[in-house]
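The lines below spell out each chain.
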Amino acid sequence: GYNAQLGVFLVPSEVELVVRRSAVDFDGSDDMLETTLGVNVFLDKHNSKFAFDVTKVENRDTPDSFRIRRTECQ
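Reading the values: the criteria
- Sequence order as written defines residue numbering, which begins from 1 separately in each chain.
- Since the coordinates come from a predicted model, pLDDT governs what is reported: local features require at least 70, and pairs of side-chain atoms require 80 or more to be given and counted, while whole-chain, interface and lining totals use all residues.
- Computation of side-chain values covers all heavy atoms of the structure but excludes hydrogens and water.
- Comment: elements are numbered from the N terminus, with helices defined as DSSP H or I runs of at least four residues and strands as E runs of at least two.
- Both definitions apply: the radius of gyration is a C-alpha atom measure, and the globule rule equals 2.2 Å times residues to the power 0.38.
- With a 1.4 Å probe rolled over the protein chains alone, any residue whose accessible area is under 20% of its type maximum counts as buried; one over 50% counts as exposed, and the rest are partly exposed.
- The contact definition used throughout considers only heavy atoms, calling two residues in contact when any of these lie within 4.5 Å.
- Only the protein chains shown count as cover for residues, with accessible areas throughout obtained via the Shrake-Rupley method and a probe of 1.4 Å.
- Charge convention: Lys and Arg are scored as positive, Asp and Glu as negative, and His as well as the terminal groups of each chain are ignored.
- One atom stands in for each charge, and that atom is NZ of Lys, CZ of Arg, CG of Asp or CD of Glu.
- Under the pairing criterion, centres of Phe, Tyr and Trp rings, with the six-membered ring standing for Trp, must be within 6.5 Å; the plane angle then separates stacked pairs below 30 degrees from edge-to-face pairs above 60, leaving the rest tilted.
- Here the rule is simple: two strands pair whenever DSSP picks up at least two bridges between them.
- A fitted line through C-alpha atoms serves as each axis, taken over the contacting stretch for helices, and the angle formed by two N-to-C directions is quoted from 0 to 180°.

Visitor: Explain the overall build of the protein to me, please; I cannot follow it from the model alone.
Guide: A count of helices and strands for the protein gives 0 helices and 5 strands. Starting at the N terminus and ending at the C terminus, the protein contains elements arranged as β-β-β-β-β. The C-alpha radius of gyration of the protein comes to 15 Å, more than 25% above the 11 Å expected for a compact globule of 74 residues. When the backbone C-alpha atoms are referred to their principal axes, the protein occupies close to 45 × 20 × 20 Å. Across the 74 residues that make up the protein, the buried fraction comes to 22%. Taking the intrachain contacts of the protein between residues at least 6 apart in sequence as the baseline, contacts between residues at least 24 apart amount to 22%. Surface summary for the protein: the accessible area is close to 5400 Å², and the carbon and sulfur share equals 55%. Positive and negative charge centroids in the protein, built from 9 and 13 side chains respectively, lie 4 Å apart.

Visitor: Sorry if this is basic, but what is going on with the packing of aromatic side chains here?
Guide: To describe a pair of aromatic rings, you give the distance between the ring centres and the angle between the ring planes. Overall, the coordinates contain 1 aromatic pair when judged by the stated rule. A centroid spacing of 5.9 Å and a plane angle of 40 degrees characterise the contact between Phe9 and Phe42, whose relative ring orientation is tilted. With Phe9 in strand β1 (residues 2–11) and Phe42 in strand β3 (residues 32–42), this pair connects stretches of sequence that are 33 residues apart. Given a relative accessible area of 41%, Phe9 falls into the partly exposed group.

Visitor: Teacher, can you tell me more about the sheet that holds β1 here?
Guide: The strands making up a sheet associate through backbone hydrogen bonding, with each pair oriented either parallel or antiparallel. The strand order across the open sheet built from 5 strands is β1-β2-β3-β4-β5, with neighbouring strands paired in antiparallel fashion. Edge strands, defined here as strands with exactly one partner in the open sheet, are β1 and β5 (62–73). Recorded for the sheet is a direction-independent mean angle of 10 degrees between the axes of neighbouring strands. Where strand β2 (residues 15–24) and β3 come together, 10 bridges link them in antiparallel fashion. In the strand pairing of β3, Val15 is matched with Val41.

Following this line, the structure appears as structure tokens:
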């Protein structure tokens, strides 16, 4: 498998747009793929951060699904 992530600040040091792609590989083929689009808002650098992302999960053995996550760190 692999994990690749790219982040670009839309507002320097405050608002970041993140794109991530990862794969889980159990037997030589991509068994599960995840594609994520998210935004991070840094209120006080990494001391206070709000994150929101949406992930599309593609699994070879089950129907595709979406995961929505919200995180607050203080």
